[in-house]
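# Observations on chain architecture
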Amino acid sequence: MNPKIPLKTPLPLYKSAPTVEPIQNARQIYIETYGCQMNVSDSELMAGILTRSGHEVVSQLEDANVILLNTCAIRENAETKVINRLKHLSYLKRKQPDLIVGVCGCMAQHLRKKLIEAAPYVDLVMGPDAYRNLPMAINAVTSADPFLGLKLDKDEDYADIAPIRKDGVRAWLTIQRGCDKMCTFCIVPFVRGRERSIPLSVLVDDVKRLVDEGFKEVVLLGQTVNSYHGEKHDFGELLFAVSEVQGIKRVRFTSPHPSDATDSMIEAMATCDKVCKQIHLPLQSGSTKVLKAMRRTYTAEEYRELVWKMRDRIPNLIVSTDVIVGFCGETEADFMETYNLMAEVRYDSAFMFKYSSREGTLAYKSLEDDVSEVEKIQRLQAIIELQGRISYEINQELIGDTVEVLVEGESRKDVAKYQGKTDGFKTAVFPKADSEIGQFVCVKVNKATSHTLIGEIVA
Ligand code: SAH
Ligand code: F3S
């Protein structure tokens, strides 16, 4: 992500009165983002913090004298990617000795000092709760020891800071930080700390500001977004409150936890027109035994019942999921339960992963990573193939239908076409005709792949 400046309309960079002394030595900073949407949102927050202190956030790496990598630790390959990137940046640093390289985010928090051993040329290592100190840390960098900002702070919610977002039609709004769930496979609670919610009144003001900036759609973000409890309001209430903001056209959220899918959430989804009829509901496994070992706090049967309950209440609900194969102790029979549940639910789409053991997690400490790499790959391929077929069949059924699409930008493959998302978060591609970015258009679907609807604008 390249936080792009300037904004469409100049924004006050402070939600409250500035308390920061302008810095003497302004730097040009390039932020490179890895991982999930939460990291994209955090990079926007970092851009807000750095800009308000007088630094400049640039969109081209060549223009920078500070490079910050905002990293992910969720699976091993996410960390390997960053280590490789750092090796490349070490060459740059040799050519440009005053270049500052910082590692921020989940991998910084996860590896801590080990990161310095792997990449001794790194100047800053800053975890997700230390971003307020970034301007100071950049100025404090010396050629001696790297600056470490690794304290987790259960009270840090950055609620007073205005992020700087790229222009666009969809804004990602963090409503909650951290996670209290402690799934045994997951590093997030260890690198992002305890769950904390941003007050509802702050979020409603944020959405008003997003409308003023020209955004049409807001995606509420949290690790277990529906366990939100800001100012004693629950997630259903937040959905209602945000939907009432004039000018916001669509509201969606990611990712909810099945155990926190309350009736209040389901009612808000069913009755608020602006709340998209779409849910990303991580399953992880279709075997109750494996779910228990994962500490997911629901059984396969409870998950299944939740999906059907939601489908009954919200007709044409679009459902997607996350699945992990090859978790500790997963037998072929357990895996088949996942396969069969996916075949039964028929998700619109799914993110599918091989289990990757993460140092520091409960599974790493107490369970054996005993499914062979070959079996993990075979199981992953089997569900990818299944899901590809299901997504294709579901999308084929949309041929001939007209769907409402929010125009987002040019299609990556064809400059004569625009692309955008449906209410269900499916990508649609269509000739531009007279449409404009930010407009809602009706697209008749003529063709479909497992990922994309291809059509044309109709009156
Ligand atoms: N609560 C967050 C989870 C973030 S991690 C959310 O729902 O978005 C995103 C996904 O990565 C998880 O749902 C899980 O499917 C996968 N994942 C997490 N830890 C993993 C691990 N150790 N190995 C493989 N996949 C993992
Ligand atoms: Fe991770 Fe489970 Fe929380 S997947 S982010 S510990 S809900």
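Computed from a prediction, not measured in an experiment: that's the story for all the values here. (Residues numbered from 1 in each chain as written. Chains lettered and ligands numbered in written order. Predicted model: local features only at pLDDT ≥ 70, side-chain atom pairs only at ≥ 80, totals over all residues. Heavy atoms only, no water.)

### Here's the deal with the site of ligand 1
- Taken together, the neighbourhood of ligand 1 is formed by 14 residues, with Gln223, Ser255, Gln284, Asp322 and Ser356 sitting nearest.
- At 3.0 Å, a side-chain N or O of Ser255 approaches an oxygen atom of ligand 1.
- Notes on ligand 1: free accessible area 540 Å², of which the protein chains cover 86%.
- Mapped by element, the contributors of at least two residues to the shell around ligand 1 are β13 (318-325) and β14 (349-354).
- When its residues are assigned to classes, the shell around ligand 1 shows six nonpolar, four polar and four charged.
- Here the shell around ligand 1 spans two domains, and each of domain 2 (168-276) and domain 3 (279-397) adds at least three residues to it. (Near = heavy atom within 4 Å. Polar contact = N/O pair within 3.5 Å; in protein donor to acceptor, adjacent residues only side chain to side chain. Areas by Shrake-Rupley, 256 points an atom, 1.4 Å probe, with all protein chains shown as cover. Helix = DSSP H or I, 4+ residues; strand = E, 2+ residues; numbered from the N terminus. Nonpolar A, V, L, I, M, F, W, Y, C, P; charged D, E, K, R; others polar. Domains from an automatic or database assignment.)

### Let's talk about unusual backbone geometry
- That bond from Thr254 to Ser255 is cis: its omega, -10 degrees, falls within 30 degrees of zero.
- With respect to the secondary-structure elements, Ser255 resides in the loop between β11 (250-254) and α9 (263-271).
- A positive phi is found at Thr297, a non-glycine position, where the angle reads about 65 degrees.
- Summarising the element assignment, Thr297 is placed in the loop between α10 (288-294) and α11 (300-313).
- The backbone of Ala433 shows a phi angle near 45 degrees, a positive value even though the residue is not glycine.

### Let's talk about the domain arrangement of the protein
- Here the protein is partitioned into domain 1 (28-149), domain 2 (168-276), domain 3 (279-397) and domain 4 (402-458).
- For domain 3 and domain 4, the distance between their C-alpha centres works out to 30 Å.
- With eight residues of domain 3 at the interface, the matching set in domain 4 holds eight residues.
- When the two sides are added together, the surface that domain 3 and domain 4 hide from each other amounts to roughly 560 Å², 52% of it contributed by carbon and sulfur.
- When the buried surface of domain 3 facing domain 4 is broken down by residue, Ile318, Tyr392 and Asn395 rank first, second and third, together holding 74% of it.
- Along the contact surface separating domain 3 from domain 4 lie one salt bridge.
- The residue Lys426 makes a salt bridge to Asp348 at a minimum N-O spacing of 2.8 Å.
- At six residues, the largest contribution of residues to the side of domain 3 that touches domain 4 is made by helix α14 (residues 373-396).
- Residue classes in the side of domain 3 that touches domain 4 are distributed as three nonpolar, four polar and one charged. (Contact = heavy atoms within 4.5 Å. Buried area = accessible area lost by both parts, 1.4 Å probe. Salt bridge = Lys/Arg side-chain N within 4 Å of Asp/Glu carboxyl O.)

### Brief notes about the pairing of strand β16 (residues 417-422)
- Most of β16 is tucked away, with five of its six residues classed as buried.
- Pairing of strand β15 (residues 402-410) with β16, which is carried by five bridges, proceeds in the antiparallel orientation. The partner of Glu410 across the bridge, within β16, is Tyr418.
- Counted between consecutive antiparallel strands, the loop separating β15 from β16 contains six residues.
- Where β16 meets strand β17 (residues 427-431), five bridges bridge the pair, whose relative direction is antiparallel. The partner of Gln419 across the bridge, within β17, is Val429.
- Hairpin connection from β16 to β17: four residues lie between these consecutive antiparallel strands, with Phe425 at a positive phi of about 70 degrees. (Buried < 20%, exposed > 50% of the residue type's maximum accessible area, 1.4 Å probe, protein only. Pairing = 2+ DSSP bridges.)

### Considering the packing of aromatic side chains
- One pass over the full model with this rule turns up six aromatic pairs.
- Seen from their ring centres, Tyr131 and Tyr158 are 6.1 Å apart, and the 20 degrees between their planes marks the pair as stacked. One end of the pair, Tyr131, is in the loop between β5 (124-126) and α5 (134-140); the other, Tyr158, is in the loop between β6 (147-149) and β7 (170-174), with 27 residues separating them in the sequence. Note on accessibility: Tyr131 and Tyr158 belong to one class, buried. (Phe/Tyr/Trp six-rings, centres within 6.5 Å; stacked < 30°, edge-to-face > 60°.)

### Comments concerning the nonpolar core
- With 71 residues, the main nonpolar core has Leu220, Phe235, Leu239, Phe253, Met265 and Met269 as its most contacted residues.
- If you count residues domain by domain, this core takes at least three from each of domain 2 (168-276) and domain 3 (279-397).
- Non-local contacts of Phe253, meaning those with residues more than four positions away in its chain, are made with Val219, Leu220, Val225, Phe235, Leu239, Met265, Met269, Val275 and Ile279.
- Tyr30, Leu86, Cys106 and Ala108 belong to the second largest nonpolar core, which has 28 residues in total. (Core = buried A, V, L, I, M, F, W, Y, C linked by side-chain atoms within 4.5 Å.)

### Regarding the state of the cysteines
- Enumeration according to the criterion identifies zero disulfides in this entry.
- Lacking any disulfide linkage, Cys36 is separated from the closest cysteine sulfur, that of Cys72, by 6.3 Å.
- The structure places no disulfide on Cys272, whose sulfur is separated from the nearest cysteine sulfur, that of Cys276, by 11 Å.
- Here Cys272 falls in the buried class, since its relative accessible area comes to 7%. (Disulfide = S-S within 2.5 Å.)

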